[in-house]
Protein chains: 2
Amino acid sequence: MPLPEPTITRLPLYLRCLDRLHESGEVAVDSQTLAQMAGVGAHNLRKDLAYLGNLGTRGSGYDIVHLRETISSILGADRTWNVAICGVGNLGTAFAKYLSSTQDRFMLTNLFDVDPQKLDTTVAGIRVLHNDQMGARLIEGGPHLGIISTPPESALDVARLLASYGVRSMLNFAPVHIDLGPANLVRNVDVGLHLLMLSYHEML
Amino acid sequence: MPLPEPTITRLPLYLRCLDRLHESGEVAVDSQTLAQMAGVGAHNLRKDLAYLGNLGTRGSGYDIVHLRETISSILGADRTWNVAICGVGNLGTAFAKYLSSTQDRFMLTNLFDVDPQKLDTTVAGIRVLHNDQMGARLIEGGPHLGIISTPPESALDVARLLASYGVRSMLNFAPVHIDLGPANLVRNVDVGLHLLMLSYHEML
DNA sequence: GGCTGTGAAGAACTTCACAGCG
DNA sequence: CGCTGTGAAGTTCTTCACAGCC
């Protein structure tokens, strides 16, 4: 039985809250507290967690370590994922640096670009290679997640290139909608669209 | 009658497709074509557009210019919105540069940071000022949208600061969930959370 | 004839109320 | 007695089928 999509979007939220609770030495939480931290309803939270199995103890709440492990394992956050970034402009560089702060959940392994000025420079400890070298690097390096931070014109080509080398899941930040069909998962995170939604809400 | 939230998230998508069609000289589209471009179902699209009024002509489809104007006006995309960016690292710089490509829909007016190395430098034609000067600049400059691209530690403080100077809508890219209550709209766009969702889907 | 607009059916998610267990 | 787990009710969004208009 697959998890409802909205539940999946909330699990990372819960995980982050549990991380914080764990760091501050807590050992258990009740649904009300955790729900408030995550900004969702307590009913909703309990339903979400119930999908994952019987994780709580009635009367006292949820064991933080156990819950954290369970959610981590479901999300795949207990492994290290290789990440390849295409497009090493300001955006790509920002993500490259961010990845080193994700405590071994995500490891930057490859940076690609086509700009001769950037090739062979080192960003966040990784050498920038030309797109041409993608095949060799990605296939031997095992499964990767992809991040696309190229200009909009080349985003779709890059996405197809990544897919052709076995990258099934990617994040696209270029202001173009990319859809590679059901075999590949592309999450489009378009700042322009976000801004338009802000402006709508700003108009009452 | 307010629009359903899912519809609102799709309108910017439609608008972008209409922009493209308009540029390539088309004058009308039918729901099927437009739906495919936007990656949604044709039924869904027609329902969305029906919320906005009777915009199509039966038998031939939708007039592109008219539809574009209508959606633009609803989203507020026919005005120019002032944007203030807090945190001028790689991420902030990338957004600053991006804004100049949004053809007058969004105008970068203010850059704020606290790093002495960045203060008084110029990025995308705008001088970087200290957070202390926010009040004066934002209040006299009129309504603004805010973008938060600071490190996570300072993101919440910055958000509150922005809100205190009348910025009601913001985009937060720091990996911290920010919620300022119902009076302010904060959209949290957290790359870390997106990556976790990718890894979930990658695990089948 | 072709394509939109729409009420009705259906699916998905959220909220509720309380049973069930520690 | 407290808090979770869950079937049922309620709500919201999507899909459908076709009437309505060009």
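All values derive from a computational prediction rather than experimental measurement.

Novice: I tried to follow the overall build of chain A on my own but got confused; where do I start?
Specialist: Looking only at helices and strands, one finds eight helices and 10 strands in chain A. A principal-axis box enclosing the C-alpha atoms of chain A has dimensions of 60 × 45 × 35 Å. Expressed as a percentage of contacts within chain A between residues at least 6 apart in sequence, the contacts between residues at least 24 apart total 54%.

Novice: Help me understand helix 8 (residues 191–202) of chain B, please; the structure alone is not making it clear to me.
Specialist: All names here are of chain B. Over its 12 residues, helix 8 runs 16 Å from end to end, which matches the ideal 16 Å to within 8%, given 1.5 Å per residue. Those residues of helix 8 that fall on the buried side of the exposure criterion are Val 191, Leu 195, Leu 196, Met 197, Leu 198, Ser 199 and Tyr 200. Directly beyond the C-terminal end of helix 8, a positive phi value near 70° is found at Leu 204.

Novice: What am I meant to see in the protein's contact with DNA strand D here?
Specialist: What surrounds DNA strand D is a group of 25 residues, the closest being Asp 30 and Gly 56 of chain A together with Pro 4, Arg 58 and Gly 59 of chain B. When residues of the surface near DNA strand D are traced back to their parent elements, those giving at least two are helix 3 (42–51) and strand 3 (61–63) of chain A together with helix 1 (5–23) and helix 3 (42–51) of chain B. The leading source of residues in the surface near DNA strand D is helix 3 of chain A, at four residues. A breakdown of the residues in the surface near DNA strand D according to their chemical character gives six nonpolar, 12 polar and seven charged.

Novice: Just to check I follow, could you spell out the packing of helix 1 (residues 5–23) of chain A against helix 2 (residues 31–38) of chain A for this structure?
Specialist: A pair of packed helices can be characterised by two numbers: the angle between their axes and the separation between those axes. Residues and elements named next belong to chain A. One can describe the packing of helix 1 onto helix 2 by two numbers: an axis separation of 9 Å at closest approach and a directional angle of 110°. The angle between helix 1 and helix 2 places the two elements in the roughly perpendicular class. Contacts between helix 1 and helix 2 pair Arg 10, Leu 13, Tyr 14 and Cys 17 from the former with Leu 34, Met 37 and Ala 38 from the latter. Taken together, the residues that form the contact of helix 1 with helix 2 break down as six nonpolar, no polar and one charged.

Novice: What should I look at first to understand the interface of chain A and chain B in this one?
Specialist: Quoted interface sizes are often the accessible area lost when the parts come together. Across the boundary between the two partners, chain A contributes 42 residues, which contact 42 residues of chain B. Elements with a contribution of two residues or more to the side of chain A that touches chain B: helix 1, helix 4 (64–75), helix 5 (90–99), strand 9 (169–172), strand 10 (185–188) and helix 8 (191–202) of chain A. The element that contributes the greatest number of residues to the side of chain A that touches chain B is helix 8 of chain A, accounting for 12 residues. Its residues assigned to classes, the side of chain A that touches chain B shows 24 nonpolar, 13 polar and five charged.

Novice: Sorry, what's going on with the protein's contact with DNA strand C here?
Specialist: In the neighbourhood of DNA strand C, 25 residues make up the surrounding shell, with Pro 4 and Arg 58 of chain A together with Asp 30, Gly 56 and Gly 59 of chain B lying closest. Counting residues per element, the ones that place at least two in the surface near DNA strand C are helix 1 and helix 3 of chain A together with helix 3 and strand 3 (61–63) of chain B. Per-element accounting of the surface near DNA strand C gives the leading share, four residues, to helix 3 of chain B.

Novice: Just to check I follow, could you spell out the nonpolar core for this structure?
Specialist: For soluble globular proteins, the rule of thumb is that nonpolar side chains tend to be buried together. In terms of nonpolar packing, the biggest core is built from 116 residues, with Ile 85 and Ile 148 of chain A together with Ile 85 and Ile 148 of chain B touching the most fellow members. If we skip the residues at most four places from it in the chain, Ile 148 of chain A touches Cys 86, Gly 87, Ala 155, Val 158, Ala 159, Met 170, Leu 171, Asn 172, Phe 173 and Ala 174 of chain A.

Novice: What exactly am I supposed to notice about the sheet that holds strand 2 (residues 56–57) of chain B here?
Specialist: Residues and elements named next belong to chain B. Pairing within the open sheet is antiparallel, and its three strands lie in the order 1-3-2. Edge positions in the sheet fall to strand 1 (28–29) and strand 2, since each of these pairs with one other strand and no more. As paired strands, strand 1 and strand 3 are joined by two bridges and run antiparallel to one another. Along strand 3, the bridge assignment pairs Ala 28 with Asp 63. Across the sheet, helix 4 (residues 64–75) is in contact with strand 1 and strand 3; its angle to strand 3 comes to roughly 70°.

Novice: Where do I start with the relation of the copies chain A and chain B in this structure?
Specialist: Mapping between the two chain copies consists of a rotation about an axis together with a translation along that axis. Least-squares fitting of chain A to chain B yields an RMSD of 0.1 Å, with the transformation described by 0.0 Å of translation along the axis and a rotation of 180°. Taken together, these values place the two copies in the relation of a two-fold axis. Ranked by how close their C-alpha atoms come to the rotation axis, the residues of chain A are headed by Asn 90 of chain A, at 2.4 Å. Both copies share a contact surface, since 100% of the interface residues of chain A are interface residues in chain B too.

Novice: How do you make sense of the environment of Tyr 165 of chain B when you look at a structure like this?
Specialist: Residues and elements named next belong to chain B. Structurally, Tyr 165 can be placed in the loop between helix 7 (152–164) and strand 9 (169–172). Tyr 165 gets classed as partly exposed once you count the C-beta atoms within 10 Å, which come to 16. Sequence separation between Tyr 165 and Ser 31 is 134 residues, and the spatial gap between their C-alpha atoms is 43 Å. With residues up to four places along the chain from it excluded, the contact list for Tyr 165 reads Met 134, Gly 135, Leu 138 and Ile 139.

Novice: What's the story with the sheet that holds strand 1 (residues 28–29) of chain A in this structure? I'm lost.
Specialist: Working definition: the strands of a sheet are paired by backbone hydrogen bonds and lie parallel or antiparallel to each other. Residue and element names in this part refer to chain A. Pairing within the open sheet is antiparallel, and its three strands lie in the order 1-3-2. Looking at which strands have only one partner, the edges of the open sheet turn out to be strand 1 and strand 2 (56–57). The strands touched by helix 4 are strand 1 and strand 3; relative to strand 3, the strand with the most contacts, the crossing angle is about 70°.

Novice: Explanation requested: the packing of helix 1 of chain A against helix 4 of chain A in the structure shown.
Specialist: Residues and elements named next belong to chain A. Taken N-terminus to C-terminus, the directions of helix 1 and helix 4 make an angle of 145°; their axes are 10 Å apart at the nearest point. Taken as a pair, helix 1 and helix 4 cross one another with a handedness that is left-handed. Counting all contacts with helix 1, which are made through Leu 11, Pro 12, Tyr 14, Leu 15, Leu 18, Leu 21 and His 22, the residues of helix 4 involved are Ile 64, Val 65, Leu 67, Arg 68, Ile 71, Ser 72, Ile 74 and Leu 75.

Novice: Before we go on, may I ask you to explain the pairing of strand 4 (residues 81–86) of chain A in this structure?
Specialist: Looking along a regular strand, one sees side chains alternate from face to face of the sheet. Residues and elements named next belong to chain A. A large share of strand 4 lies buried, amounting to five of its six residues. Two elements, strand 4 and strand 5 (residues 106–113), share six bridges in a ladder whose sense is parallel. By the bridge assignment for strand 5, Ala 84 is matched with Asn 110. In this region the chain leaves strand 4, passes through helix 5 and returns to the parallel neighbour strand 5; the handedness of that crossover is right-handed. Bridge analysis of strand 4 against strand 8 (residues 144–148) gives five bridges, and the strand direction is parallel. For Ala 84, the partnering residue across the bridge sits in strand 8 and is Gly 146.

Rules and cut-offs
- Residues numbered from 1 in each chain as written.
- Chains lettered and ligands numbered in written order.
- Predicted model: local features only at pLDDT ≥ 70, side-chain atom pairs only at ≥ 80, totals over all residues.
- Helix = DSSP H or I, 4+ residues; strand = E, 2+ residues; numbered from the N terminus.
- Contact = placed C-beta atoms within 7 Å.
- Expected span 1.5 Å × (residues − 1).
- Buried ≥ 20, exposed ≤ 12 C-beta atoms within 10 Å, placed from the backbone.
- Near = placed C-beta within 6 Å.
- Nonpolar A, V, L, I, M, F, W, Y, C, P; charged D, E, K, R; others polar.
- Axes fitted to C-alpha atoms, helices over the stretch in contact; angles between N-to-C directions.
- Parallel < 35°, antiparallel > 145°, perpendicular 65-115°, else oblique.
- Core = buried A, V, L, I, M, F, W, Y, C linked by C-beta atoms within 7 Å.
- Pairing = 2+ DSSP bridges.
- Least-squares fit on C-alpha atoms with pLDDT ≥ 70 in both.
- Left-handed = near helix turned anticlockwise from the far one by under 90°.
- Right-handed = clockwise from strand over helix to strand, strands pointing away.

Function cannot be read off these values alone, since they describe shape.
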